[in-house]
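# Tertiary structure, described
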Amino acid sequence: MANFNKVILAGNLTRDPELRYTPKGTAIAKFGLAINRTWKNDAGETKEEVTFVDIDAFARQAEVIAQYFKKGRPILVEGRLRLDQWDDKQTNQKRSKLGVTLEGFQFLDSGRTDGAPSEARQRPGGVAAPAAAPEPAAEAETVPHEEDDVPF
């Protein structure tokens, strides 16, 4: 049986990212994301619901998020679902919560004043890279195409 665990969310940070480091020096940023949904019910009334999701980012991505993102800022997050389980010390009951482990992200707004790229892409395990640059003009082809036996 095949498995697939991928989440793509766009929302606003509910709090400033909390940046910490492991004893080995790996950066971890934790932040909350609020995703709003608006719809009209059968009576024509506008309804709204908000879903809150906890996100964990690691390594260089965590440092970039902590540097450039603050509460209220929009972000697009790509990652995977993770189930956290623990025993509640007060009630001695098992507890669990779904969260997201970040694999990539994108800046969504362009109203920047701190020098960050307005449309940067964050690759999994990498650093922010500017949005796709325009491709240079193609040079005239000097070698003629040979006929292939492929029918398409």
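Residues numbered from 1 in each chain as written. Predicted model: local features only at pLDDT ≥ 70, side-chain atom pairs only at ≥ 80, totals over all residues. Heavy atoms only, no water.

Scanning the model with the defined rule gives four aromatic pairs in all. Between Tyr68 and Phe107 the ring centres are 6.0 Å apart and the planes differ by 75°, which places this aromatic pair in the edge-to-face class. Taken together, the positions of Tyr68 in helix α1 (residues 59-68) and Phe107 in strand β6 (residues 94-107) put the pair 39 residues apart, joining distant regions of the chain. Just as Tyr68 is buried, Phe107 falls in that class too. Judged by centre distance (5.8 Å) and plane angle (70°), the ring pair of Phe105 and Phe107 falls under edge-to-face. In this structure, Phe105 and Phe107 share a single accessibility class: buried. Joined through ring pairs, the aromatic side chains of Tyr68, Phe69, Phe105 and Phe107 make up one cluster. Directly above the aromatic system of Trp39 lies the positively charged group of Arg37, at a separation of 4.3 Å from the ring centroid. Geometry around Phe69 places Arg73 over its ring, the cationic atom sitting 4.7 Å from the centre. (Phe/Tyr/Trp six-rings, centres within 6.5 Å; stacked < 30°, edge-to-face > 60°. Helix = DSSP H or I, 4+ residues; strand = E, 2+ residues; numbered from the N terminus. Buried < 20%, exposed > 50% of the residue type's maximum accessible area, 1.4 Å probe, protein only. Lys NZ or Arg CZ within 6 Å of the ring centre and 35° of its normal.)

With phi around 60°, Ala59 is a residue other than glycine that occupies positive phi space. Within the secondary structure, Ala59 sits in helix α1. Located in the positive-phi region is Asn92, a residue other than glycine, with phi close to 55°.

Nonpolar side chains collect at one region of the surface, where Leu81, Leu83 and Leu98 lie side by side and expose about 290 Å² of accessible area between them. If you trace the backbone, Leu98 turns up in strand β6. (Patch = residues over 30% accessible without salt bridge, like charges linked within 9 Å, V, L, I, M, F, W, Y side chains within 5 Å. Areas by Shrake-Rupley, 256 points an atom, 1.4 Å probe, with all protein chains shown as cover. Salt bridge = Lys/Arg side-chain N within 4 Å of Asp/Glu carboxyl O.)

So, on to the confidence of the model for the protein. Mean pLDDT over the protein: 81, with 72% of residues reaching 70 or higher. Mean pLDDT values for the elements of the protein range from 41 in strand β8 (residues 128-130) up to 98 in strand β2 (residues 18-21). Confidence over residues 115-146 falls short of pLDDT 50; this stretch has 39 contacts with residues more than four positions distant or in other chains. (pLDDT = per-residue confidence, 0-100. Contact = heavy atoms within 4.5 Å.)

Applying the stated criterion to the full structure yields 14 salt bridges. Asp84 is the partner of Arg82 in a salt bridge, and the nearest nitrogen-oxygen pair spans 3.1 Å. One network of salt bridges, with partners in common, ties together Lys6, Glu78, Arg80 and Glu103.

A word on the side chain of Thr101. With respect to the helices and strands, the residue Thr101 is situated in strand β6. With relative accessibility at 6%, the residue Thr101 sits in the buried group. If we ignore the near neighbours within four places in the chain, the residues touching Thr101 are Asp56, Phe58, Glu78, Gly79, Arg80 and Arg82.

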